[in-house]
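A structural walkthrough
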Amino acid sequence: MRTLIFAAGLTIAALPALAGDHRVAPVRDALVQKECGQCHMTFQPGLLPAASWERMMDKLADHYGDNAAVSAEKGAAIRAYLTANAGRDRRGGTPSRITEARWFTHEHDFPAPVWKRPEVVTKSNCPACHQGAEQGLYDDD
Ligand code: HEC
Ligand code: HEC
């Protein structure tokens, strides 16, 4: 991350040692890890409010241009896990993406070239900048 941000011409405070402080509870459900971790990291349910997960689970066959459909049985189990562990609304409504949530755009107000860097490519590539993303660690800066 340091290299990335320096290259973008931004300044950041010195990198503190990772305290192992879980900002977002990591995914502990094997089914969710398997079905929702194939194409991107397994996003933690706490990153979106329950209503956002509900809407996403309603149309998995049309998932950001991909077909992420699962059986009805698996879908119900995944939906239950995501909504039970969802984040709060934070007055941000029900964003369709984590990267469109208000807290996200606020924390990630970077110049456009940062997002186009080959190691980043897309905003949803959290692990490109947050080494501990899969473990729910995002306070590494
Ligand atoms: C077949 C591949 C595939 C599978 C399987 C899949 N996804 Fe995705 N997902 C995508 C793609 C492609 C995007 C869009 C990524 C982007 O635009 O950067 C995406 C985006 C997302 C986003 C929004 C990321 C952002 O930009 O904030 C969330 C949340 C998400 N997926 C959750 C899930 C969940 C939950 C599951 C399991 C039920 C799942 N995905 C399974 C392909 C998949
Ligand atoms: C291009 C690099 C980059 C990407 C990609 C990125 N982040 Fe970040 N993120 C940062 C930086 C840098 C900060 C610190 C911003 C600040 O301190 O003002 C940050 C801050 C955060 C914070 C706040 C941490 C705190 O201590 O308050 C969270 C939560 C977060 N990111 C989650 C995510 C998630 C989830 C994703 C993927 C959906 C993501 N980030 C993608 C660079 C990135």
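Quick notes on the rules
- Residues numbered from 1 in each chain as written.
- Chains lettered and ligands numbered in written order.
- Predicted model: local features only at pLDDT ≥ 70, side-chain atom pairs only at ≥ 80, totals over all residues.
- Heavy atoms only, no water.
- 1 Å grid on protein atoms, 1.4 Å probe; cavity = no way out; pocket = protein on both sides within 12 Å on 5 of 7 lines; lining within 4 Å.
- Points joined across faces, edges and corners; volume = space filled by probe spheres on them.
- Helix = DSSP H or I, 4+ residues; strand = E, 2+ residues; numbered from the N terminus.
- Buried < 20%, exposed > 50% of the residue type's maximum accessible area, 1.4 Å probe, protein only.
- Donors = N, O, S within 2.8 Å, 3.2 Å for Na, K, Ca; no water.
- Tetrahedral: all angles 85-135°; square planar, octahedral: opposite > 155°, others 65-115°.
- Near = heavy atom within 4 Å.
- Polar contact = N/O pair within 3.5 Å; in protein donor to acceptor, adjacent residues only side chain to side chain.
- Sits in = over half its atoms within 2 Å of the grid points.
- Nonpolar A, V, L, I, M, F, W, Y, C, P; charged D, E, K, R; others polar.

Computed from the structure, the second largest pocket encloses a volume of approximately 600 Å³. Together, 30 residues line the second largest pocket, and His 40, Phe 43, Met 56, His 63 and Tyr 64 are the ones closest to its centre. When contributions to the lining of the second largest pocket are tallied by element, the ones reaching two or more residues are α2 (30–35), α3 (50–58) and α4 (72–84). By residue number, the principal contributor to the lining of the second largest pocket is α3, which donates three residues.

In this structure, Tyr 64 takes a positive phi of about 50° despite not being glycine. Topologically, Tyr 64 is positioned in the loop between α3 and α4. Even without a glycine there, the phi angle at Val 121 is positive, about 70°. With respect to the helices, strands and loops of the structure, Val 121 is situated in the segment after α6 (112–116). By relative accessible area, which is 60% here, Val 121 ends up exposed.

This part takes up the coordination of the iron atom of ligand 1. For the iron atom of ligand 1, every protein donor is listed as His 40 (NE2) and His 63 (NE2), and the spread of their distances is 2.0 Å. In this structure, the iron atom of ligand 1 is surrounded by six donor atoms whose angles at the metal cover 87 to 179°, and the resulting shape is octahedral. In this pair, His 40 is assigned in the loop between α2 and α3 and His 63 in the loop between α3 and α4, connecting sequence segments 23 residues apart. Take His 40: its relative accessible area is 31%, and that puts it in the partly exposed class.

For ligand 1, the set of nearby residues contains 21 residues, the closest of which are Cys 36, Cys 39, His 40, His 63 and Thr 122. Separating a nitrogen atom of ligand 1 from a side-chain N or O atom of His 40 is a distance of 2.8 Å. Separating an oxygen atom of ligand 1 from a backbone N or O atom of Ile 98 is a distance of 2.8 Å. One can see that ligand 1 is located within the second largest pocket. Per-class residue counts for the shell around ligand 1 are 11 nonpolar, seven polar and three charged.

Note that all results are geometric; they support no functional claim without further evidence.
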